[in-house]
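# A look at the structure
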Amino acid sequence: MTPLVVIVGFLGSGKTTFLKSLLPELKSQGVAPKVIINDYQNAGVDAEQLRAFTEEIRAISGDCVCCGSREELVSSLESFQHTPGSIAVVETNGTTDAEQLIEMLSLEPGLEKFTLPIQISLIDGKRWQKRFWHNALEREQARTAAHVVISRQDVVDAKRVEEVKESLREHKVRGQISDVATVAAELARVVARASIVSARLVEKAGCGCDHDHCEHEGHSHHHHQDSHFSSIELALPELVKKSDFSAFLRGLPDEVIRAKGLVRFIEEPEEFFVFQKVDRFEEPQFFSVGKEPTVRVPLALFIGPEIPEDRLRDGISRFSES
Ligand SMILES: Nc1nc2c(ncn2[C@@H]2O[C@H](COP(=O)(O)OP(=O)(O)OP(=O)(O)O)[C@@H](O)[C@H]2O)c(=O)[nH]1
């Protein structure tokens, strides 16, 4: 598997500058970074700044990668050459909805050769939470990060750096506060481990399972230690009562930010339905996919910063009994 790294941060927070330091560090540790840059207007400008530091760089101009340029990003990643020691680094534009992007990259079926995304957020030490109506977006961009890097420490005093750290804690930004060297060392470790996982998967080929969810290993938990996002796939009963299942989705724990899957109802046993639950305020939605969809096993996929597996299993077993 190839590690997938996503660099997020408000407009001008220092993403490209950070990459200028990170890429040589990675190279010196034997990692081969390949970069995809998304930016408004001309991503080639940032790409140009980084060309000297990486063997491969692609630029995606236009809308945000989590919405408008989504297909371009996915097809860029699908054509990624998974050579040993490589790592994919996506620099997002300054207004990216990190949660939406991470969710999309985690669920995209064509990207199974990548690990779940590891998000690194750049925090402008000078401007953090001084952006008025953009403060919320700035916080959101940091919330799901595995690593938080505070930029412009050279132009603020130590007191301000401490204030920013304290504010990050207050806003429940749980990523590790890191610098270039820490991030590079961590990513080198992830690359080494990912290549061991790939080797093991090759050895196990032939057991007939989807290896990310291989039942023979006794788990169906697609979890990545290096990311604050994890996902889990749980089997659902063959048939469920629609009202009970809807109540279960409405009452999902706050940690689950997204749920989707396939379900069959006692009321219409011939039909399969895809269910979608976006956040805790929106009602669950059901879309018929007919009598013979490609996947014919009722299942639920949950994604969030922390997955309360026991509570989810418990919830499923309770409505199964009713
Ligand atoms: N003094 C100082 N300047 C910085 C630092 N990081 C970035 N800058 C400057 O801030 C400006 C924007 O930095 P970039 O690295 O281009 O920021 P970005 O997040 O990639 O910008 P967008 O892609 O437009 O969102 C540049 O002029 C950088 O030189 C830092 O740690 N210290």
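Because the structure is predicted, anything quoted here is derived from the model rather than measured.

In terms of regular secondary structure, the chain is built from 9 helices and 13 strands. Buried residues in the chain amount to 49% of all 322 residues. When contacts within the chain are restricted to residue pairs at least 6 apart in sequence, long-range pairs at least 24 apart make up 71% of them. With an accessible surface of roughly 15,400 Å², the chain has 51% of that area assigned to carbon and sulfur atoms.

Next up on the list: the pattern of salt bridges. Following the criterion strictly, the structure yields 15 salt bridges and no others. One salt bridge in this structure joins Glu238 and Arg264, with 2.8 Å as the shortest N-O distance. Residue Glu238 is found in the loop between β9 (230-235) and α8 (242-250), and its partner Arg264 is found in the loop between β10 (258-263) and β11 (272-277); the two are separated by 26 residues along the sequence. Overlapping salt bridges bring together Glu99, Glu140 and Arg143 as one network.

Our next topic: the site of the ligand. If you check the shell around the ligand, you find 14 residues, and the closest are Lys15, Thr16, Thr17, Arg152 and Asp154. Contact between the ligand and Gly14: an oxygen atom at 2.9 Å from a main-chain N or O atom of the residue. Arg152 is positioned with one of its side-chain polar atoms (N or O) 2.4 Å from an oxygen atom of the ligand. Across the shell around the ligand, the residue classes tally to 2 nonpolar, 6 polar and 6 charged.

Residues Ile120 and Leu187 are the most contacted members of the largest nonpolar core, which totals 25 residues. If you list the elements that add at least two residues to this core, you get β1 (4-9), α1 (15-28), β2 (32-39), β4 (86-91), β5 (118-124) and α7 (180-204). Apart from residues no more than four positions distant in its own chain, Ile120 is found in contact with Val5, Val6, Ile7, Val8, Phe18, His147, Val149, Val183 and Leu187. Grouped together as the second largest cluster of nonpolar side chains are 20 residues, Leu234, Leu252, Ala259 and Phe273 included.

Moving on, we get to the side chain of Thr96. Residue placement: Thr96 occurs in the loop between β4 and α4 (98-107). At 2.9 Å, the side chain of Thr96 forms a polar contact with the backbone oxygen of Asn93.

Overall, the predicted model of the chain reaches an average pLDDT of 81, with 80% of residues at or above 70. Across residues 198-228 the pLDDT falls below 50, and counting only partners more than four positions away or on other chains, this stretch makes 55 contacts in the model. For this predicted complex, the interface confidence comes out at an ipTM of 0.99, alongside a pTM of 0.67.

Its location among the elements puts Ser167 in helix α6 (residues 158-170). Other than its neighbours up to four places away in sequence, Ser167 contacts Trp128 and Gln129.

About the cut-offs
- Residues numbered from 1 in each chain as written.
- Predicted model: local features only at pLDDT ≥ 70, side-chain atom pairs only at ≥ 80, totals over all residues.
- Heavy atoms only, no water.
- Helix = DSSP H or I, 4+ residues; strand = E, 2+ residues; numbered from the N terminus.
- Buried < 20%, exposed > 50% of the residue type's maximum accessible area, 1.4 Å probe, protein only.
- Contact = heavy atoms within 4.5 Å.
- Areas by Shrake-Rupley, 256 points an atom, 1.4 Å probe, with all protein chains shown as cover.
- Salt bridge = Lys/Arg side-chain N within 4 Å of Asp/Glu carboxyl O.
- Near = heavy atom within 4 Å.
- Polar contact = N/O pair within 3.5 Å; in protein donor to acceptor, adjacent residues only side chain to side chain.
- Nonpolar A, V, L, I, M, F, W, Y, C, P; charged D, E, K, R; others polar.
- Core = buried A, V, L, I, M, F, W, Y, C linked by side-chain atoms within 4.5 Å.
- pLDDT = per-residue confidence, 0-100.

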